Every structure is written in C-alpha cells, then in structure tokens.
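The residues making up each chain are set out below.
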Amino acid sequence: MKRKCFLWLFLFGASFLNGKIRIELLSQFYLEQKSEFITNARDIAVDEKENIYVVDGDSSNIKIYNKDGKLLKTFGSKGGGPGEFMYPFRIDVNDKWICVQDVHALKYIIFDRTFREIKRIFYLLSPNDTFVISKDRIISNGYFVEKNGKEFIGIIIDFSGKVIKALIPFQYPRDDMWNRVTDSLSFLDISNNEEIYFVKEREVKVFKFNKSGELVRKFGENPSYFYQCKKTKDFDLIYKGNSQSEMMEADERWRRSFSWVSGIFALKDLVGVIITNFNNKLNKWEYFLRCYDCDGNLLENGKKIEGIGKSSYQHFFMIDSNHEDKIYILETLDDEKEPKYRFSKYKVTKVLP
C-alpha cells in the first residue's frame, strides 16, 4: 500500500525546487503489456504529440505508445529487407523523419513519419553510439578516423552517409584500453537552435558546438558527490571474463563503485546533465540533475530526481526531451516476475529571480 501511495503522490504533480531550477513530475505510468510484450527495450524517442517510440531489440521492432502508455502500433520484424531490422538499438524522431540505428546491419535506416523507408546509410556502428537527427543530418557520438589516422569521437553526417564534420579529437594510444573505453563513452542532444551538446560519461565535461560543428565552448566540472571511476579487477573481467554472466556481474559491481553521467538534454534556456550514483544503503540507483544556462553558468548543483530509481544496472535508463521544457525517462524494472517499463514525464524550468 505504501508503494501505491508513493506513486500516486507523484502522479499529481510533485515538484522539487532547489536553487534556480524547478523539477516537476507531471505523470508516471507503466507502458501497456497486454497485446504485445516488450522483450528488451534499448532506446526511446518522443514525438510532438508525446507518442512514445520504444526500440525493442530482441523483437526487432519499434513499438509506439500514446501519451498515456497505450500501445498504438508495432512496426518492423526480423530481417534485412524493407521494414525489417537485424537488431535495432537507437531511435530519434523529428517533425519529418524517423531514424533507427540497426547495429547488427551497421546501418542508419531513415523513414518518413509514416514509416515509409527512404534511405539506408552504412556506417560502422557500436551500441554505445547515441545520435540525434537535425533536419537532414545525423549527429552521432560515433568513432571516426580521418585518412591521416587522426581519431575523433562525434561526427555529423548527411543522409548520403558523407561525414561533414568530425567533432572531438581522441588522442589515446591504441594500447591504452582503459582510457580508450572510459573516455569514449558520451551522450549528446541538440537545442531547437541546432546547437550540439556533448557530455562525457566519466566526468561532467560539456562540449557546446554550433550547428556547423564548430566548438563554441567547454564547461562543467565534477560536483563533490561525483566519485571518479577506477580501474579494478572487475574492469578487466568485463573484457576477459570466462562467461557472459561473469562479465555482466563484473560490470555491475564496477558500475556501483563510482558515479557516471547517464544522459544530457538541451531545453529552451538550460542544459541538464543527469548523474548516476548507487546508494548502497537503499540498494538502488539514484539520479541527480546538474543544470547550466546555455553559456555554461551553473544553475543547479545536484537535485535528486524523485520518483525514479531501480536496483539493477543491467536493464536500462533511457531519456529524451522536447527541447523546450520537458524530459522523458523510461526505466526497465526487472525486480519483479515480469519486467515492467516505467515512463516518467518531468517539466524542468528556470526559476525567475
């Protein structure tokens, strides 16, 4: 009973005010699991009507829900032809296009808003490559090597697959596996003005680019509650374990030992970074919001985002924004017999002086 009361408290619009930022939970619900189950949610996108697009990797399809979590339609099936996916992993939606990253096919697949396929772009993809679409371009945190051997994290490509701009130089030697892994992980978002924001996963370091991909400024620093990641035996087991279960268990133990950035969003007049910590006393993950204005001035040091958090890292926390004043979070909760998918909508705004 306490759990239900706790949930309903937030459904009626609890707000959390701290410093110059107000965070208001507008709604929270579980996605419908009656006619068709989600088998393995990998990413979400939310359109202008607040329909929710969920990438279901194991089912090789996209499930679309309305703003109340009711299933509207399912698109896609297993395969390599039109309307088929080998293993879809990421998605983004704008007013014109739907773009799906199919990691096993090494392709970005572009559709119009009716899911009519327009284009397939071959690119060497990794499951860690988050991306957004900006008009007729794809902006990704993917890895890129120029002909001269210079390495980058982050690219802008057009719908022909041509790399227009490489973004962040990557300068670690090939035998430095530790830094090549931990410093290559990042997240990105764009503003309505098409400014591009990157943040590294292992530190609060934000890179702001203009829409042409020119670096405008860097800002951000780790707050006092941010614990740096360290190289441990568990890190080595992630890549050298004897079985998949051993590697997954090592990954979770390693993740619980430090803080990490799990997302970034660009709204109308602020940029937010979400920091993840594991609370050993409560045995759950907790999420903290650190916000800046668009010039990089700190607005919010670390307000805990209430209403979300789970005990297992191996299922995912996914985020999208409307680039105005709302963020959307989908969590996989696997603590019960059947996994549940909890969707939360927050309003995040600056407080006027």
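Bear in mind the structure is a predicted one, so any value in this text is a computation, not a measurement. (Residues numbered from 1 in each chain as written. Predicted model: local features only at pLDDT ≥ 70, side-chain atom pairs only at ≥ 80, totals over all residues. Heavy atoms only, no water.)

## Observations regarding the pairing of strand 13 (residues 131-134)
Argument step 1. Burial along strand 13 is two-sided: Phe131 and Ile133 facing one way and Val132 and Ser134 facing the other are all buried.
Argument step 2. Linkage of strand 13 to strand 14 (residues 137-145), two consecutive antiparallel strands, is achieved through a turn of 2 residues, within which Lys135 is found at a positive phi near 55°. (Buried < 20%, exposed > 50% of the residue type's maximum accessible area, 1.4 Å probe, protein only. Helix = DSSP H or I, 4+ residues; strand = E, 2+ residues; numbered from the N terminus. Pairing = 2+ DSSP bridges.)

## Regarding the nonpolar core
Generally speaking, nonpolar side chains in soluble globular proteins are found buried as a group.
Argument step 1. Core analysis: the biggest nonpolar cluster contains 30 residues, and Phe265, Leu270, Ile274, Leu289, Tyr346 and Val348 have the highest contact counts within it.
Argument step 2. If you tally residues by element for this core, the top one is strand 23 (residues 284-292), at 4 residues.
Argument step 3. If sequence neighbours within four positions are ignored, Val348 has contacts with Ile21, Arg22, Ile23, Leu267, Leu270, Leu289, Asp325 and Ile327.
Argument step 4. Of all hydrophobic cores here, the second largest spans 19 residues; its members include Cys99, Tyr123, Phe159 and Ala166. (Core = buried A, V, L, I, M, F, W, Y, C linked by side-chain atoms within 4.5 Å. Contact = heavy atoms within 4.5 Å.)

## Looking at the pattern of salt bridges
Argument step 1. Taken as a whole, this structure holds 22 salt bridges when the rule is applied.
Argument step 2. The partner of Glu151 in a salt bridge is Arg174, and the shortest N-O contact between them spans 3.4 Å. With a gap of 23 residues between them, Glu151 in strand 15 (residues 151-158) and Arg174 in the loop between strand 16 (163-170) and helix 2 (177-182) connect regions that are remote in the sequence.
Argument step 3. Judged by relative accessible area, which is 8%, Glu151 ranks as buried. (Salt bridge = Lys/Arg side-chain N within 4 Å of Asp/Glu carboxyl O.)

## Overview of helix 3 (residues 233-240)
Argument step 1. Turning to helix 3, its buried residues number three or more, namely Asp234, Phe235 and Ile238. Axial view of helix 3: buried residues confined to an arc of 105°, hence all on one face. Opposite the buried face of helix 3, at more than 90 degrees from it, the exposed residues are Lys233 and Lys240.
Argument step 2. In this fold, the buried residues of helix 3 make contact with helix 2 and helix 4 (244-255). (Arc of directions from axis to C-beta.)

## Focus: the environment of Tyr328
Argument step 1. Looking at where Tyr328 falls in the secondary structure, it is placed in strand 26 (residues 326-333).
Argument step 2. Distance in space between the C-alpha atoms of Tyr328 and Ile196 is 19 Å, their sequence separation being 132 residues.
Argument step 3. If we skip the residues at most four places from it in the chain, Tyr328 touches Ile44, Val46, Glu50, Met318, Ile319, Asp320, Ser321, Asn322, Phe343, Ser344 and Lys345.
Argument step 4. Separated by 2.9 Å, the side chains of Tyr328 and Glu50 make a polar contact. (Polar contact = N/O pair within 3.5 Å; in protein donor to acceptor, adjacent residues only side chain to side chain.)

## Some words on unusual backbone geometry
Negative phi is the rule for most residues except glycine; trans is the rule for most peptide bonds.
Argument step 1. For Ser60, which is not glycine, the phi dihedral falls at a positive 55°.
Argument step 2. You can see Ser60 is positioned in the loop between strand 4 (52-56) and strand 5 (61-65).

## Side note on helix 4
An α-helix turns once every 3.6 residues. As a result, residues three or four positions apart point the same way.
Argument step 1. Across its 12 residues, helix 4 extends 16 Å between first and last C-alpha, which sits within 8% of the 16 Å expected from 1.5 Å per residue.
Argument step 2. Packed against the buried residues of helix 4 are helix 2, helix 3, strand 21 (260-266) and strand 23. (Expected span 1.5 Å × (residues − 1).)

## Brief notes about the sheet that holds strand 9 (residues 88-93)
Whether parallel or antiparallel, the strands of a sheet pair through hydrogen bonds between backbone atoms.
Argument step 1. What the 4 strands build is an open sheet, ordered 9-10-11-12; its pairing is antiparallel. Every interior strand has two partners, whereas the edge strands, strand 9 and strand 12 (117-122), have only one. On average, each strand axis in the sheet is tilted by 20° relative to the strand beside it, whichever way the strands run. (Axes fitted to C-alpha atoms, helices over the stretch in contact; angles between N-to-C directions.)

## Looking at the pairing of strand 18 (residues 196-200)
Argument step 1. Of all 5 residues in strand 18, 5 are buried; the element is thus mostly enclosed.
Argument step 2. Going residue by residue along strand 18, you find Ile196, Phe198 and Lys200 tucked away on one face and Tyr197 and Val199 tucked away on the opposite face as well.
Argument step 3. The pairing of strand 17 (residues 186-190) with strand 18 spans 5 bridges and is antiparallel. The residue of strand 18 that forms the bridge with Leu188 is Phe198.
Argument step 4. Count of turn residues in the strand 17/strand 18 antiparallel hairpin: 5 residues, of which Glu194 carries a positive phi of about 70°.
Argument step 5. Bridge count for strand 18 against strand 19 (residues 206-209) is 4 bridges, and the pairing is antiparallel. Paired with Phe198 across the two strands is Phe207, which belongs to strand 19.

## Comments concerning the sheet that holds strand 21
Argument step 1. As summarised here, the arrangement of the 4 strands in space is 21-22-23-24, forming an open sheet in which the pairing is antiparallel. Each edge of the sheet is formed by a strand with only one pairing partner; in this case those strands are strand 21 and strand 24 (298-304). Neighbour-to-neighbour, the strand axes of this sheet turn through a mean angle of 20°, independent of strand direction.

## Considerations on the packing of aromatic side chains
Argument step 1. Following the criterion strictly, the structure yields 21 aromatic pairs and no others.
Argument step 2. Aromatic side chains Phe75 and Phe111 sit 5.4 Å apart centroid to centroid with 80° between the ring planes, which places their arrangement in the edge-to-face category. In this pair, Phe75 sits in strand 6 (residues 71-75) while Phe111 sits in strand 11 (residues 107-112), placing the two residues 36 residues apart along the sequence. Side by side, Phe75 and Phe111 carry an identical accessibility label, which is buried.
Argument step 3. When the ring of Tyr87 is compared with that of Phe89, the centres are 6.2 Å apart and the planes differ by 40°; the resulting orientation is tilted. (Phe/Tyr/Trp six-rings, centres within 6.5 Å; stacked < 30°, edge-to-face > 60°.)

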